[in-house]
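# Analysis of the macromolecular model
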Amino acid sequence: MQQGFLTLQDGQQFQGIASEDWADPIEGEIVFFTGMTGYQEVLTDPSYQGQIVVFTYPLIGNYGINEEDFESELPQVKGVVMLHCADTASHYKATTSLKDYLHDKRVPFLTAVDTREVTKAIRTGGTRQAVLAAKPSKPVSTQITNQIYQVKGANLTSHGHGAEHIVLIDFGSKHSILRHLLEKGVRVTVVPFTELHAIDELKPDGVVLSNGPGDPKDAAPYLSKIKHVLESCPSLGICLGHQVIALAFGANTEKLSFGHRGANHPVKDLETGRVFLTSQNHNYVVDEESLASTELHPCFIHVNDQSLEGLKHGHLPVLSAQFHPEANPGPEDALWLFDDFLNMVRAKKGEKAYV
Ligand SMILES: NC(=O)CC[C@H](N)C(=O)O
């Protein structure tokens, strides 16, 4: 057993047990996730790329890792901090334990840490850089190392055979967005955000802008093309996709102090007054005041801090959500958002071709 240290940007230190004898310090943006389950989805969700994730629930890993809940092929996080990581897995679907998975994939993790203390420190001081190391050592950079998602290859992949053709713009998409769309019986072509020009030729009936890591403003070079797409066919934005839609129409985004990451965030539908629980994972948020200069208007808000959770366009069939309707992990209360989107698609289909 070797000791290891988590050191935050301001020098605050937490001692624990290191997964191995770390030769080099591991640096990343530190964030906390409050769900009791869903660690497999969190570790493999590309939105977490490059981040060190603290799980606030004290026992992580007891149902192991299975073959069905990966949100991408590989772990995306830079490191993991837990109080207790189960040694063995107990679940009929488990194919390996969390500990073995993290070792196999060479993801550094620190256990025996008072994760609730770490969370309080993040809540007080905000999201910032942190280091996992064999010795106490401060982050070298004070800058958050956001990365724009690196797409692998420029191949456009098509899935399913439905009558409606949906383009899923991939900013670092979770598998479950594609899965839920396919379950609705549509055909989906995944287009990397670097290949937007391909959309004109595909002439889709609808477009979904996916989740993804980093600062939405990194998508600046793509915004004019995205605006053209949004003006051409019904669109749904999810998390980063929602933020990018806001930016494309001229609104602004800003950073929350410590973000929303968990599986029980209450969101209110401003049209119906209905509140539903959502899965969330974001640092950035659309600045509500900046909507004044656009034709976008809020349709959802977060019940806890009143932050903006969704947008609709005044006259275009454009809908977006800061939360994750595809869940994984978390409640499936917001799955109907896919139906609302597909209803817009079906209403528009035939009326007017993609322009
Ligand atoms: N899940 C996401 O798409 C995250 C969006 C963005 N990277 C944020 O942190 O706000």
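In every chain, residue numbers begin from 1 and rise along the written sequence. Reporting of local features is limited, given that this is a predicted model, to residues whose pLDDT is at least 70; pairs of side-chain atoms are given and counted only at 80 or more, and all residues count toward the totals for whole chains, interfaces and linings.

An unreviewed UniProt entry annotates the chain as Carbamoyl phosphate synthase small chain of Halobacillus naozhouensis. The annotation that UniProt attaches to the chain under Subunit (unreviewed entry) is "Composed of two chains; the small (or glutamine) chain promotes the hydrolysis of glutamine to ammonia, which is used by the large (or ammonia) chain to synthesize carbamoyl phosphate. Tetramer of heterodimers (alpha,beta)4." UniProt positions are given in the numbering used here, feature names are shortened, and annotations may be inferred rather than shown by experiment.

## Here's the deal with the site of the ligand
Contacts to the ligand come from Ser47, Asn211, Gly212, Pro213, Gly214, Cys239, Leu240, Asn281, His282, Asn283 and Tyr284. For the purposes of this entry, the term helix denotes a DSSP run of H or I that reaches at least four residues, the term strand denotes a run of E that reaches at least two, and both are numbered from the N terminus. It is strand S16 (residues 275-286) that provides the largest number of residues to the shell around the ligand, a total of four residues. For each residue, a C-beta atom is positioned from the backbone; the residue is called near a molecule or strand if that atom sits within 6 Å of it.

## A look at the UniProt feature "active site" (unreviewed entry) in the chain
UniProt's feature table lists "active site" (unreviewed entry) at Cys239, His324 and Glu326, given in the numbering used throughout. Spatial clustering of the annotated residues is evident: they stretch over 88 residues in sequence, but the largest pairwise C-alpha distance comes to 10.9 Å. Contact between two residues is assigned whenever their backbone-derived C-beta positions fall within 7 Å. Sequence-distant contacts of cysteine 239, that is, excluding residues within four places in its chain, are made with Ser47, Asn211, Asn281, His282, Gln322 and His324. For histidine 324, the position within the fold is in the loop between strand S19 (318-321) and helix H8 (336-348). Residue burial here comes from a neighbour count, namely the number of other C-beta atoms, placed from the backbone, that lie within 10 Å of the residue's own C-beta, with 20 or more meaning buried, 12 or fewer meaning exposed, and in between meaning partly exposed. Note on histidine 324: 27 C-beta atoms within 10 Å, which makes it buried. Not counting the four nearest positions on each side in its chain, histidine 324 is found in contact with Asn211, Ile238, Cys239, Thr278, Ser279, Gln280 and Asn281.

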